[in-house]
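Reading the structure
Take a look at the letters that make up each chain.
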Amino acid sequence: MRASFSTGVRVLGAVFMLCMSGALANSPFAALTVVPTGGQVFDIISGITTLPQGGTVTDQDTGVALVAGHIEYRAQDYLEASRVSLDGSFGHVTADVMRIDLKVGLLTASGGLRLVREGLSVSADSLNFDANAQVATFAGGVQSSDPSFVADRVLLDVASGDVLLEGEYVFEGGVFALRSPEGGGLLALKLVVSDGVTSYDAATEVAPEVLARFAPYL
């Protein structure tokens, strides 16, 4: 037997935020506030809240803010959303579906995925964002129009803006193109800002500190 009830926007949003803050104080997503667009249903047996018409979710600590057409979450556990538009330290993301693992601070997204931030515009099949390490990983048909490249996988250091292409890749550097060796390789893209213009310097020899930064995700 399913037990559920509808509740007011302000009450449930406040309760959810307090539960997260108290139980996961060290989590990157510890202070989420959920505001429904329309009605909402809370299942008292599973502890799952569903927002059929979606709503907005904000996190004061990470600066993440999203708008979604459908939202489901369970306090201290997870949040899932569909038809998502998301803004955060990583940039602006649009995706068909998204999930935040509230216990470990991992955000995943897929379907019509696109990320845009200063100097970088990437589309891919999937995105994993480790909010603790501030590293985003793109996989599956990864391509970028700014700068122009394709790669099997792409790693982004959200804090520095540096990028690492992994596997088979092609990087178009204007007057030249860099291709991965047979079997794949690594290409480091160093973010450079000069006179307000953003660009990337490419290097096939990856600096030790860059390699160490991305090592857990390779």
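Residues numbered from 1 in each chain as written. Predicted model: local features only at pLDDT ≥ 70, side-chain atom pairs only at ≥ 80, totals over all residues. Heavy atoms only, no water.

1. Thoughts on the pairing of strand S10 (residues 120-130)
To keep it simple, the criterion reads: Note on exposure labels: buried denotes an accessible area under 20% of the residue type's maximum, exposed denotes more than 50%, and partly exposed covers the range between, all computed with a 1.4 Å probe on protein chains only. Here a helix means four or more residues in a row that DSSP labels H or I, a strand means two or more in a row labelled E, and each is numbered from the N terminus. By this definition, two strands are paired if DSSP reports at least two bridges between them.
In terms of burial, S10 is a largely internal element, 8 of the 11 residues being buried. When strand S9 (residues 106-117) meets S10, the two strands line up antiparallel, connected through 10 bridges. Looking across to S10, one finds that Arg114 is bridged to Ser123. Connecting the antiparallel pair S9 and S10 is a turn made up of 2 residues, with Gly119 showing a positive phi of about 80°. Where S10 folds back onto strand S11 (residues 135-146) in an antiparallel hairpin, the turn is made up of 4 residues, including Gln134, whose phi is positive at roughly 60°.

2. As for the nonpolar core
Where we set the bar: For this analysis, a nonpolar core means a set of buried residues of the types Ala, Val, Leu, Ile, Met, Phe, Trp, Tyr and Cys, connected via side-chain atoms within 4.5 Å. Contacts are residue-level and defined by heavy atoms, with any inter-residue pair within 4.5 Å sufficient.
Ranked by size, the top nonpolar core spans 45 residues in total, and within it Leu86, Met98, Phe138, Phe149 and Leu165 carry the most contacts. Broken down by element, this core gets its largest block of residues, 5 residues, from S10. With near-sequence residues (within four places) excluded, Phe149 lies in contact with Leu120, Val122, Val142, Gln143, Ser144, Val154, Leu165, Val170, Phe171 and Leu189. Judged by nonpolar contacts, the second largest core, of 7 residues, contains Leu155, Ala188, Val206 and Phe214.

3. Some remarks on the pattern of salt bridges
To keep it simple, the criterion reads: Any Lys or Arg side-chain nitrogen located within 4 Å of an Asp or Glu carboxyl oxygen qualifies as a salt bridge.
What the rule picks out here adds up to 5 salt bridges. Note that Glu80 is salt-bridged to Arg99, the shortest N-O span being 2.4 Å. Pair noted here: Glu80 is in strand S7 (residues 78-88) and Arg99 is in strand S8 (residues 91-101), with a separation of 19 residues, a long-range link. On the basis of relative accessibility, which here comes to 31%, the residue Glu80 falls in the partly exposed class. Here Arg153 ties to Glu166 by a salt bridge, and the two come within 2.3 Å at their closest N and O atoms. With a gap of 13 residues between them, Arg153 in strand S12 (residues 148-157) and Glu166 in strand S13 (residues 163-172) connect regions that are remote in the sequence. Classification of Arg153 by relative accessible area gives partly exposed; the value is 24%. What makes Glu166 buried here is its relative accessible area of 18%.

4. Brief notes about the pairing of S9
Inspection of the sheet shows S8 paired to S9 by 8 bridges, in the antiparallel sense. Residue pairing for S9: His92 is matched across the bridge by Val116. Taking the residues between adjacent antiparallel strands as the criterion, S8 and S9 are bridged by 4 residues, where Gly105 takes a positive phi near 75°.

5. A word on the packing of aromatic side chains
Our working definition: Ring geometry is summarised as follows: Phe, Tyr and Trp rings, the Trp one being its six-membered ring, pair when their centres sit within 6.5 Å, and such pairs are stacked at plane angles under 30 degrees, edge-to-face over 60 and tilted between the two.
Per the counting criterion, the structure on display carries 1 aromatic pair. When the centroid spacing of 4.7 Å and the interplanar angle of 70° are considered together, the rings of Phe90 and Phe129 count as edge-to-face. Remark: Phe129 occurs in strand S10 and Phe90 occurs in the loop between S7 and S8; sequence separation between them is 39 residues. Here the two residues Phe90 and Phe129 agree in accessibility, since each one is buried.

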